[in-house]
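Per-entry structural report
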Amino acid sequence: MGNLGFMTLMLAGVLAFYSIISSIAGGKFQSAALTRSATNASYITSLILSISTICLIYAFVTHDFSLSYVANNSSLSLDPKLTWVALYAGNAGSLLFLAWVFSVLSSIAIWKCPNLAKPGLPYTTATLMFILLFYIVVMSTMANPFEKLAITPADGRGMNPLLTHPGMFFHPPMLMTGLIGVGIPFSFAIGQLLSGEQGNEWLIAARYWGLIIWCILTIGLMLGSWWAYTILGWGGYWAWDPVENAGLLPWLPLTAFIHSIIVQQRRNMFKSWNIALIIFAWGFAMYGMFMNRGGPVPSVHSFGQSTMGWIFLIFLGFNLIVALTLFYNKHKKLKDASQIDSFLSREASFLVNNLLFLLIAFVTLWGVLYPLISDVFKGVVVTVGQPYYDTLTGPIFLSLVVLMGIGPLLPWKNLNNKIIMKRFIAPLIISIVTLIICIILEINNIAALISFSTCTFVLTGILREWATGTIVRSKRNNEIFPIAFIKLLLSNKPRYGGYIAHFGVVILAFSVTGSSFFSLQQDFSLSIGQQAKLGEYNIQYISNETITNSDSVETKAIIDLYKNGSFVSKLEPGYVFYPGFNMASARAGIISTPIEDFYLIASEFRDDQAMFRIHINPLVFWMWVSGPIFILGTVIALLPTKTKYSNDIDDQKKL
Amino acid sequence: MEYLIISLLSALAFYIVIRPFTNSSEEETIKDLNKNLSNLRSSIYQEMELLRLDFELGLIEADQYELQIQQCRIQLASTLIAEKNT
């Protein structure tokens, strides 16, 4: 199967190369046959790469240790369920996974390309296939997942133990799909620039793919936080790790993009800006790939043994130079049809939103790059840690939440401030009431007070929009409120899907505020039988246990947890040591409730003594609730809108 | 076996790639054009519906509403004429 896998990889490379040449020629000479041939080549490329991927999965299932990748990332004792994780557990396999996912997404993007975007499709196809070809070339020359060993070992090395977590079934594939997927709206933008079209032809496809990729990236980032929270054993969910940041960086301009594209659709503005945003997003996504594959900063997320960062850096540079040159040459043709009339209008709020997202992106980028710059140019090793990011990005994120409340209440092209006053009164009153309640509840932290009252401001704004819309619909169509509400949501899916996603952001902000400003943490050294107290919780160290498995040694403490004197649960925090990897992975004991999480880590076991760290993290539960809300909002925003008028009588009535 | 599979896959790929050069595409081009116009018409109706809803919710002022609806009507008329001509 290894030979077949490699040969299919080569065939996919040839087809991708043909597709590039044929689609450029098809676009240049306006040849429908050449363009169709290129399109067909791209479809068949995804089929061939699927076969290549199946070959690697088959090699894992049949324990074909003659393949170096299989021998290094699995073993006979590996749980068969983890075969899927093993596929992308190493550098070469993850590249194949990326290429396969990208080829499938590209085929769907080409197949479902809206008719309006078809003039630029040949160039879009060429760009997509160029990106794909890069990955195939890297695999076939530097990281071949089908490389054979001279001597076949009897057993494999096994999989990195940090990856044997349920979150790993989805977090890496989601994040990788999200990063590479940014290439799709980027390719539509390049297609638009190369085709010389000057309108909004690419917008439908770019919006659609922008939203899908944004949703995938969001899920990937949230699953990563959940994984970090449950397995890394430090009690937090976001560490501003350089590679973690590399996943966040493209998410920021992409979020800006899915907002500002609405302005282009609605008011025919921000044409150049939208293309610039998607170029930024793609640049950051490739920067993420570079960091992951042998970038200069070591991280828990990177493929430690990979030294191919430089090739990704060259690819990043090449893409940016070509895209920015094209943008510079063509942007003058992309003239906006209107301009911002008032700074209290919806389009102005979108612009500020975009600038804030970019500001966070550049602050984060600077935090990642500064230690490198300092090391190279000054010879001083500097660490940029959590305080830098929290201090600088915290207020900007809070400003974004405020803007998220204000923006939807502002009318388009607003020239009448009376409307604004009318819309702002209810949210303002409710947020002031929240502020007063928080003060009565003795919440003294200024940032938390601002955050909680801002969250209620946004929430009231969203509820007000829904209520007003429902009442208007109900009166107009004589519908009962629940029906009117559902029809309202379906009447403008992008808008109301967006409001649901905003609702998710409010919950996320609520959770981050609670866990950032009100968490407790304390270390205890306990002997068996001893107790420790933090807040309302008591723990008693009952015993410890060591279990020896074929590939690991698990040590855990047995703990009884009490809250206000009542027994809550038995916890078994500890760690698992993997001698084959010389690596330990923590197993935290977590009791999660909507109010707070009790989080217990055990370490340094010596006879009847052990060290314990207790975290009490308020409102973390809501962070995991916000994820499904984001997905729901995005799915609603993506639902197709059918407005079919099948006969001429209807048409004339409309006219 | 592996060589047989790769040969079959290569032949399939070759057939699919050269197929557009052997088929006449004129009929498909007209079909595409009609579909384009029909989609465009649908999107204009959709835009008009959204404008109406925004106007009723007070998100857009009366003069702007009239102006944008008028633009939609002009676009719609030209789309209908183009559709009739194809």
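Small disclaimer: the values here were computed from a predicted structure and weren't measured.

1. Digging into the overall build of chain A
A tally of helices and strands in chain A yields 20 helices and 10 strands. For chain A, whose C-alpha radius of gyration is 27 Å, the value lies close to the compact-globule estimate of 26 Å for 655 residues. On the principal axes, the C-alpha backbone points of chain A span a range of 85 × 70 × 55 Å. Within chain A, contacts between residues at least 6 apart in sequence are counted, and of these 73% link residues at least 24 apart.

2. Some thoughts on the nonpolar core
All names here are of chain A. Within the largest apolar cluster, 168 residues are counted, with the highest numbers of intra-cluster contacts made by A99, L132, M139, A189, I278 and A281. In contact with M139, other than residues within four places in its own chain, are L9, A92, L95, L96, A99, N144 and P145. Ranked by size, the runner-up nonpolar core spans 15 residues in total, among them I539, I559, F598 and Y599.

3. Quick notes on the interface of chain A and chain B
By a frequent convention, interface size equals the accessible area lost on bringing the separate parts together. Listed as interface residues are 34 residues of chain A and, on the opposing side, 36 residues of chain B. Of all the secondary structure elements, the ones that give two or more residues to the side of chain A that touches chain B are α1 (2–28), α2 (32–61), α16 (446–477) and α20 (648–654) of chain A. Looking at side-chain class alone, the side of chain A that touches chain B contains 17 nonpolar, 12 polar and five charged residues.

4. Side note on the sheet that holds strand β10 (residues 609–618) of chain A
Residues and elements named next belong to chain A. The four strands lie next to each other as β1-β10-β9-β8, forming an open sheet whose pairing is antiparallel. Of all the strands in the sheet, just β1 (520–527) and β8 (589–592) have a single pairing partner and so form its edges. Within this sheet the neighbouring strands show an average axis-to-axis angle of 15°, counted without direction. Examined bridge by bridge, β8 and strand β9 (residues 596–606) share four bridges and lie antiparallel to one another. Across the sheet, I591 pairs through a bridge with F598, a residue of β9.

5. Some words on the domain arrangement of chain A
You can read the domains of chain A as domain 1 (1–164), domain 2 (166–332 + 343–366), domain 3 (416–517 + 622–638) and domain 4 (520–618). Between the C-alpha centres of domain 3 of chain A and domain 4 of chain A there is a distance of 39 Å.

6. As for the environment of A:N445
Residue and element names in this part refer to chain A. Position of N445 among the secondary structure elements: in the loop between α15 (417–440) and α16. A tally of 14 C-beta atoms within 10 Å means that N445 is categorised as partly exposed. Sequence-wise, N445 and A38 are 407 residues apart; in three dimensions their C-alpha atoms are separated by 60 Å.

7. Some thoughts on the environment of A:F169
All names here are of chain A. Among the secondary structure elements, F169 is positioned in the loop between α6 (121–141) and α7 (171–181). Remark: the alpha-carbon pair of F169 and T83, spanning 86 residues in sequence, is separated by 9.8 Å. In this structure F169 touches W84 and V85, once residues within four positions along its chain are discounted.

8. A closer look at unusual backbone geometry
Phi at A:Q30 is positive, roughly 50°, even though this residue is not glycine. In this structure, A:Q30 sits in the loop between α1 and α2.

9. Section: the confidence of the model for chain A
In low-pLDDT segments, the atomic positions of the prediction should not be examined closely. In the predicted model, chain A carries a mean pLDDT of 88, and the fraction of residues at 70 or more is 95%. Of the regions scoring below 50 in pLDDT, residues 644–655 of chain A engages in 11 contacts with residues more than four places distant in sequence or in other chains.

10. Considerations on helix α12 (residues 309–330) of chain A
Residue and element names in this part refer to chain A. For α12, with 22 residues, the first-to-last C-alpha span of 31 Å sits near the 32 Å given by 1.5 Å per residue. Those residues of α12 lying buried are F312, N319 and A323. Buried residues of α12 fall within an arc of 30° about the axis and therefore sit on the same side. Every exposed residue of α12 that faces more than 90 degrees away from the buried side is listed here: W310, I314, I321, T325, Y328 and N329.

11. A word on the packing of α7(A) against helix α9 (residues 203–231) of chain A
Residues and elements named next belong to chain A. At a minimum axis separation of 8 Å, α7 and α9 run at an interaxial angle of 145°. Seen along the crossing, α7 lies across α9 with a hand that is left-handed. From α7, H171, M174, L175, T177, G178 and G181 reach across to α9, where they touch I213, I216, L217, I219, G220, L221, L223, G224 and W227. Residue composition of the contact of α7 with α9, by class: nine nonpolar, six polar and no charged.

Calculation notes
- Residues numbered from 1 in each chain as written.
- Chains lettered and ligands numbered in written order.
- Predicted model: local features only at pLDDT ≥ 70, side-chain atom pairs only at ≥ 80, totals over all residues.
- Helix = DSSP H or I, 4+ residues; strand = E, 2+ residues; numbered from the N terminus.
- Rg over C-alpha atoms; globule rule 2.2 N^0.38 Å.
- Contact = placed C-beta atoms within 7 Å.
- Core = buried A, V, L, I, M, F, W, Y, C linked by C-beta atoms within 7 Å.
- Buried ≥ 20, exposed ≤ 12 C-beta atoms within 10 Å, placed from the backbone.
- Nonpolar A, V, L, I, M, F, W, Y, C, P; charged D, E, K, R; others polar.
- Pairing = 2+ DSSP bridges.
- Axes fitted to C-alpha atoms, helices over the stretch in contact; angles between N-to-C directions.
- Domains from an automatic or database assignment.
- pLDDT = per-residue confidence, 0-100.
- Expected span 1.5 Å × (residues − 1).
- Arc of directions from axis to C-beta.
- Left-handed = near helix turned anticlockwise from the far one by under 90°.

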